[in-house]
Amino acid sequence: MKKIITFAMLLFLVLSSYSQQQKQVVPDPRLYETLGESAVNDLKTNNPKQLLIENINMQYFCFVALKLPAPEGEYIMKGELKNYLKPDAGKSCNYSEIIGSESVNRYYFNLEQDAFLPTVYPLGNTGVYVVVNSKQWFDLQKRAVLHEYGF
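Here we summarise the structure given alongside this text. (Residues numbered from 1 in each chain as written. Predicted model: local features only at pLDDT ≥ 70, side-chain atom pairs only at ≥ 80, totals over all residues. Heavy atoms only, no water.)

The next point concerns the overall build of the protein chain. When helices and strands are counted, the protein chain shows 6 helices and 4 strands. Traced from its N-terminal end to its C-terminal end, the protein chain shows the element sequence α-α-α-α-β-β-α-β-β-α. Per-residue burial for the protein chain yields a buried fraction of 33% across its 151 residues. Partitioning the intrachain contacts of the protein chain with sequence separation of at least 6 by distance along the chain shows that 66% fall at a separation of at least 24. (Helix = DSSP H or I, 4+ residues; strand = E, 2+ residues; numbered from the N terminus. Buried < 20%, exposed > 50% of the residue type's maximum accessible area, 1.4 Å probe, protein only. Contact = heavy atoms within 4.5 Å.)

On to the packing of aromatic side chains, then. Overall, the coordinates contain 3 aromatic pairs when judged by the stated rule. Aromatic side chains tyrosine 60 and tryptophan 137 sit 6.3 Å apart centroid to centroid with 50 degrees between the ring planes, which places their arrangement in the tilted category. With tyrosine 60 in helix H4 (residues 48–60) and tryptophan 137 in helix H6 (residues 135–148), the pair connects residues that are 77 residues apart, well separated along the chain. Its end group placed over the ring of phenylalanine 61, arginine 106 keeps NZ or CZ at 3.7 Å from the ring centre. A cation over an aromatic ring shows up here: arginine 106 above the ring of tyrosine 107, its NZ or CZ 5.1 Å from the ring centre. (Phe/Tyr/Trp six-rings, centres within 6.5 Å; stacked < 30°, edge-to-face > 60°. Lys NZ or Arg CZ within 6 Å of the ring centre and 35° of its normal.)

We now examine the environment of lysine 44. With respect to the element layout, lysine 44 can be found in helix H3 (residues 37–46). If we ignore the near neighbours within four places in the chain, the residues touching lysine 44 are Pro27, Tyr32 and Leu51.

Moving on, we get to the pattern of salt bridges. Across all of its chains, the model carries 5 salt bridges by this definition. For lysine 23, the salt bridge goes to glutamate 148, with nearest N and O atoms at 2.4 Å. Taken as a pair, lysine 23 in the loop between helix H1 (2–20) and helix H2 (29–35) and glutamate 148 in helix H6 lie far apart in primary sequence, 125 residues in all. Lysine 23 gets classed as partly exposed once you look at its relative accessible area, which sits at 40%. One salt bridge in this structure joins lysine 78 and glutamate 112, with 2.8 Å as the shortest N-O distance. Pair noted here: lysine 78 is in the loop between strand E2 (76–77) and helix H5 (95–101) and glutamate 112 is in the loop between H5 and strand E3 (119–122), with a separation of 34 residues, a long-range link. A relative accessible area of 23% means that lysine 78 is categorised as partly exposed. Residue glutamate 112 is classed as partly exposed on the basis of its relative accessible area, which comes to 40%. (Salt bridge = Lys/Arg side-chain N within 4 Å of Asp/Glu carboxyl O.)

This part takes up the environment of leucine 31. Topologically, leucine 31 is positioned in helix H2. Once the C-alpha coordinates of leucine 31 and asparagine 57 are considered, the two residues, 26 residues apart in sequence, prove to be 9.9 Å apart. Once residues within four sequence positions are removed from consideration, leucine 31 is found in contact with Gly36, Val40, Leu51, Glu54, Asn55 and Met58.

A few words now on the side chain of glutamate 54. Its location among the elements puts glutamate 54 in helix H4. This buried residue, glutamate 54, is left without a salt bridge; arginine 106 holds the nearest opposite charge, at 6.9 Å. Not counting chain neighbours up to four residues away, the residues in contact with glutamate 54 comprise Leu31 and Tyr107. (Lys, Arg positive; Asp, Glu negative; His and termini not counted.)

Okay, here's the thing in structure tokens:
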């Protein structure tokens with residue numbers, strides 16, 4: 001009987017310590033480019049929730065797509081992506097680089113987000129698009145990820 005009680009107590013301790021572990025946020029590499037290494041390290045140490053929010057902003061706000069996200073009328077078409085580059089971004093809008101990396105740093109562009117429909121920015125005549133997810137979809141993803149990480 002003592003062995004069973006001891007085993008149950010040890011099992012309880014192991015499970016409770018495991019459940020209290022918080023997942024570690026791994027910063028998106030584009031955050032180092034945007035915020036700088038010292039700012040990212042500061043967020044890691046002092047404000048992991050804000051680091052996670054920045055990660056979510058980088059990973060779920062927009063994506064590169066090889067086709068339109070929905071039938072016509074179920075998305076908002078904007079002009080070419082290069083027209084939305086922020087003047088103070090200090091970067092050029094290199095479509096080949098965006099297509100090759102299959103990612104875009106949203107902080108370098110003035111991208112609009114609709115409440116319910118995805119917004120599409122073509123990359124010239126390449127047949128590739130940057131799609132900004134709707135605010136409704138983005139907010140659902142944000143809540144799910146924050147919940148997953150215990151925030």
